[in-house]
Amino acid sequence: MANYSLEIGGAVSTGWEYAKKYGLLIAVVYLLVGMLTSGLEHLTGPSLSMQDSQAISEAIGRGDWESAGSIAQAYNSNVGLHLGGILGGIVSLIVSVGLYNLALGLMSGRFNEVTFEAFKLPFATYLKVFAVGLISGILIVVSALFCIIPVLFVAPRIILAPVYQVEHPESGVFESIGAAWKMTADNTFSMLGLGIIMVGVVILGFCCCCIGVYFAQAIELFALVAAYYQLKGNLQ
């Protein structure tokens, strides 16, 4: 098997170069998604149930306005917020998958500009990426339960799984996670180092009047995909 190593400087440099060309538009996408998901979190949800309505009516009838307000507020926070969170998560998933495909296409020459064509993927691909993210998240949480050290070895090894799934929509969910684990072999610390640098870039972007964080996310996107292209040869 080939043995390709991650060059952190090269991945970061590539991320910066592509961000200079396409990062502004992608930053706008991140900004709009952030505004949309934030708005969705404030949805009030469906109408009150008959039981809740009756409870509010009884509270108003006895002049207990505080109880009536508490019931309505609890309903909105528990139902509407969850509904908004679910819808926001769906939007974030769609955008992340499309942007992964866009970055892959721009680096491979399949795309030559920021285009919504990148989002035209089979519905099954979105479901698989969601499953990959869910299972990866569970693995990271489980490893974190065994103290901080294990998670530092697990997270860097599977972070490329969603990228692999987007490029290989025909692959199974566990196949994608396995491929990410395989391609990052002997590169755990390099991937961890790249992650630390990207966190620093995002923090720096946040310090730039907060708006810079969206451009920093574009750099992070391209740097991660650049790392993927450096290491995918290990699958051969």
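Each chain has its residues counted from 1, following the order in which its sequence is written. Totals for whole chains, interfaces and linings use all residues, but because this is a predicted model, local features are given only for residues with pLDDT of at least 70 and pairs of side-chain atoms are given and counted only at 80 or more. Hydrogens and waters are ignored; side-chain quantities use all the structure's heavy atoms.

Check the secondary structure of the protein chain and you find nine helices and zero strands. In DSSP terms, a helix is any run of H or I states spanning at least four residues, a strand is any run of E spanning at least two, and both are numbered starting from the N terminus. What you see in the protein chain, going N to C, is helices and strands ordered as α-α-α-α-α-α-α-α-α. Going through the 236 residues of the protein chain one by one, you find that 36% of them count as buried. In what follows, residue pairs with any heavy atoms lying within 4.5 Å of each other are defined as contacts. By sequence separation, contacts in the protein chain at least 24 residues apart represent 74% of the contacts at least 6 residues apart. The Shrake-Rupley method, run with a 1.4 Å probe, gives the accessible areas here. Residue values count only the displayed protein chains as cover. Carbon and sulfur atoms make up 69% of the accessible area of the protein chain, which amounts to about 12800 Å² in all. Partly exposed residues are those whose accessible area sits between 20% and 50% of the maximum for their type, while under 20% is buried and over 50% is exposed, using a 1.4 Å probe and protein chains only.

Another point: helix α4 (residues 123–145). What a helix should span is 1.5 Å times the count of its residues minus one. With 23 residues, α4 ought to run about 33 Å at 1.5 Å a step, and its terminal C-alpha atoms sit 34 Å apart, in line with that. T125, Y126, V129, V132, S136 and S143 are the residues of α4 that are buried. One or two steps after α4, the chain reaches C147, where phi turns positive at roughly 90°.

Before going further, it helps to spend a moment on the environment of W181. As for its placement among the helices and strands, W181 is situated in helix α7 (residues 173–183). For W181, a relative accessible area of 39% gives the class partly exposed. A sequence separation of 26 residues divides W181 from A155, and the C-alpha atoms of the two residues are 9.7 Å apart. Other than its neighbours up to four places away in sequence, W181 contacts V154, R157 and I158.

Two rings from Phe, Tyr or Trp (for Trp, the six-membered ring) form a pair when their centres are within 6.5 Å of each other. A pair whose planes differ by under 30 degrees is stacked, one over 60 is edge-to-face, and the rest are tilted. All told, the structure shown has seven aromatic pairs when counted by the stated rule. Ring geometry for Y22 against F222: centres 6.5 Å apart, planes inclined by 40°, an arrangement best described as tilted. Of this pair, Y22 sits in helix α1 (residues 8–40) while F222 sits in helix α9 (residues 212–231); the two residues are 200 residues apart in sequence, bridging distant segments of the chain. Per residue, the accessibility class of Y22 equals that of F222, and both read buried. Every member of this aromatic cluster is reached through a ring pair, and the members are Y18, Y22 and F222.

All we've got here are geometric facts, nothing functional implied.
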